[in-house]
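Listed here are the chains, written in short residue letters.
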Amino acid sequence: MDRFHLILCLLLFASGALALVYELLWIRRFTAVFGAATPATAATLIAVFFGFTVGNLVMGSYASRLRRPLRVYGLLEVGVGLSALLVEPLVTSYGRMYPMLFKTFSGSAVGFSAVNTLLVAVAVFVPTFLMGGSIPVLGHALVGGGRRLGVAAGGLYAANTFGATIGALSVPCFWLPQLGAATSYGVCVAASVIVGLLAWTLDRGEMSPAEPTTVARVKNERAGGAESSLPVWWTLALAALSGVLTFILQITWGRMFAQVHENSIYSFSVVVAVFLAGLAGGAALARELLRRGWAARKLLCFAWIAAGLAVSASPRWFYSLTDGLDYLAAGAWTSYGARVLWLSVPTVLLPTLFAGMVMPLLMELAGHNRSATPGQMLGRLLGVNTAGVIVGSLLAAFVLPAWLGMWRSLAGVGFLMVLPGAFCLGDSHRLCRLQSRQIIVGLVALAGFLLLNSGQLPRTQLNIRRGEKLLHLSEGSHGIVAVVEERGSRRIKLDNNYVLGGTASTGDERMQAHLPLLLHPAPRTVAFLGLGTGITAGGALLHPVDKITAVEIVPEVVRVAKDFFGDANLGIVNAARGEVIVNDARNFLRGSGRQFDVIVGDLVVPWRRGEAALYFVEHFQAGRGALTPGGLYCQWLPLFQMSEEEFNIVVASFLDVFPRTTLWRGDFAPDRPALAMVGHTSETAIDPAAVEGRVRELQPDEGNPHLGHPAGLWIYLCGPVDRKAARFAAARRNRESEPWLELLGPLAHGGLAHSARPLFVGRLLDAFLAEIRAPSLAGSPLERLGSSHLQWREAGARLGEASVLLAEGDGGAANARMQQALAPLPPEVQRALGGASPAPSAK
């Protein structure tokens, strides 16, 4: 590689890294607009690759006319940076149109997605068009009068893809934590302009374009090159097929890895980076083999067949290496990330290494064609390849999950990769006629697929020793939904390890509805952000409310809630007072224009991709805007998935929107506690008499018999939250541009939870709750509470302490603390909590 070629590769490495950073930041930005991560990601990818496709085709057609290609490339990069500045104003304009569009197209999911995709395409078209023109322009310049497209442009393609690998890793590891989304975007814009100016200054003068191929004698063509070439239509078809299949692989492998770990921003980036590294490594390998004189046609046959076999084997390897889809055990993030990386090598890196060889080899074969200039051929190849990526993303996201499922999709892709390899074994002039060696390869491949039988692998893990049974399994765009039964209790799992609730915790799940509804003086309408089993939303049927709305993003979850949890959720899916809307909660709150007396945010993993946005300041603002005057917003927090720092961040973010906030327990579990932030929009304090009236109106709930008396509610009270408290005043805010929960959570969950950043449970939680019980209630929503209410609150605190002591193994102290807790409670509450009924209690 000469110095000039090396400089071009370095420039394209930088532009590839920046392109991936742009792409990931755009996905985050449009996710904030669209709400759901899956449709936003699909829309952004389609829009980005549409721009790439048009840029490849248009700039490839003009490449032969360019006398100063490096200078033109510099202008393209400067244009990328400047046009990227236009994306945010367009997104902001779209945000203002969003409520109108939501109401217009909310009845048609396909129509709404199409409109969203169109608007994204408009926003990012100019920068992506300019990005797409880079390789055709520089590739044509490097080829000159020769035809070694695979050697010249293949190196540029590899460098650009290696840069994308670094870009994928840098977003969660550097850009977001160090600079935030907005500053990162500005730095990328500046970097694109700098890359463009460097290319301009490095331009070494006029370069003669390749002569028209109908006239020029190809001097650098390998001996026998023409005989080993492929027809143009066949080459373009293979390039398109490569784009379709490789992107199906990327999305399906991401779904595969989601079965064994929480889908965090880090694990997602590692898998994407390994995938891109494989493609880049394959491209570099193919270029080097071509440079050493290997035959492109034979290498192409090998690449397709080897990739197909490795892809087909990847499900079996993955299932075996994870001990049957076992959850990746906790550990320090470095070791956890290393395990994800190690698991990716045989299942992702090896197949993509072979698949990555395909495009440079097709470039080399296309270079022998004399009907177009090298730039035109390069633009067409890359154009149809990126067009194939669009098709692949649509198939993998919306068609294949329900049609074939995860394992069969991978097996099908593997088989489809072997077929073109087998066909390429034939003679150039008889490609459409089957020959004996093609038939043999096809039959051997088919036999291998049948022996592997990857499609029959389980898609969710069952503990047979505990008697777990699989009642239902279905796949959709948002993941794999399973219903599992164990000793008479049922639960829903999403992607094998994420439990969405179950009948064993019916009382606690209904309590998440009872608490906010009892605190509102007269709730008529209530919205639940998340359905899950439907048990929480079903709890609202026990209250005299007029309308219960549950918003659930996963359609398969709605179906299983209806079919398998109807008794526990009191038939909420078909209830006359209930409605279930399949949509993203943020979409719905911001776009529907509807208002509610009470909004309840479900327990979701605070740092999980997609769901982390439900803890953004912007989401809480949308929630406040959807409340009626005097309404309540209740957000449940899974403290067993949060460190103290994360807790401070989310509470501080909530307080910015709801300065009058109270905290309530959801249970008395020592190691898996749930806590509710209740945001009060009314300046009037809670009326205890009204709450008692609401308790009397509540229909009996066998899961929460202690709610037969008002004391059964007040034992859950923790206290008011002071936004001026040092821990909250100094805390970072969780925003779309600074997603701190998404960045910090996986690190704690990955193992630091037991060292530097322990989970906010047990003694740590009790110490904090003691803090907020101490201050005066004057000026807070609780200022009207009487002595009996405060006694009952103290009883709840003692119950929490008793559970911690019991978890620590101190049964004697736990029993003594339990008796202290029960003493001031009414007899019916004592009986409901499992205690004796001693002396008369305060009322």
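Residues numbered from 1 in each chain as written. Predicted model: local features only at pLDDT ≥ 70, side-chain atom pairs only at ≥ 80, totals over all residues. Heavy atoms only, no water.

A. Looking closely at the overall build of the protein. Helix and strand content of the protein: 29 helices and 12 strands. A buried classification covers 61% of the 843 residues belonging to the protein. Here the contacts in the protein between residues at least 6 apart in sequence split such that 78% fall between residues at least 24 apart. (Helix = DSSP H or I, 4+ residues; strand = E, 2+ residues; numbered from the N terminus. Buried < 20%, exposed > 50% of the residue type's maximum accessible area, 1.4 Å probe, protein only. Contact = heavy atoms within 4.5 Å.)

B. Molecular detail of the packing of helix α8 (residues 232-257) against helix α12 (residues 358-366). Interaxial distance between α8 and α12 falls to 10 Å at its minimum, and their mutual angle equals 165°. The angle between α8 and α12 places the two elements in the roughly antiparallel class. You can see that α8 and α12 cross each other, and the crossing is left-handed. The residues of α12 that touch α8, namely those facing Thr-235, Leu-238, Ala-239 and Ser-242, are Val-358, Met-359, Leu-362 and Ala-366. Tallied by class, residues from the contact of α8 with α12 come to 6 nonpolar, 2 polar and no charged. (Axes fitted to C-alpha atoms, helices over the stretch in contact; angles between N-to-C directions. Parallel < 35°, antiparallel > 145°, perpendicular 65-115°, else oblique. Left-handed = near helix turned anticlockwise from the far one by under 90°. Nonpolar A, V, L, I, M, F, W, Y, C, P; charged D, E, K, R; others polar.)

C. Structural detail: the pattern of salt bridges. A complete count under the given rule lists 34 salt bridges for this structure. Among the ionic pairs, Arg-510 bridges to Asp-701, the shortest N-O distance being 2.7 Å. Residue Arg-510 is located in helix α16 (residues 506-519), and its partner Asp-701 is located in the loop between α22 (688-697) and α23 (711-714); the two are separated by 191 residues in the primary sequence. Of the two residues examined, Arg-510 and Asp-701, each falls in the buried class. Among the ionic pairs, Arg-735 bridges to Glu-738, the shortest N-O distance being 3.8 Å. When its relative accessible area of 29% is taken as the criterion, Glu-738 is described as partly exposed. (Salt bridge = Lys/Arg side-chain N within 4 Å of Asp/Glu carboxyl O.)

D. Looking closely at the nonpolar core. Tyr-22, Leu-300 and Phe-647 are the most contacted members of the largest nonpolar core, which totals 199 residues. Ranked by residue count, the leading element in this core is helix α7 (residues 149-202), at 19 residues. Other than its neighbours up to four places away in sequence, Tyr-22 contacts Val-80, Gly-81, Ala-84, Met-131, Tyr-185, Cys-188, Val-189 and Ser-192. Ala-537, Trp-664, Ala-711 and Leu-825 belong to the second-largest nonpolar core, a separate cluster that totals 52 residues. (Core = buried A, V, L, I, M, F, W, Y, C linked by side-chain atoms within 4.5 Å.)

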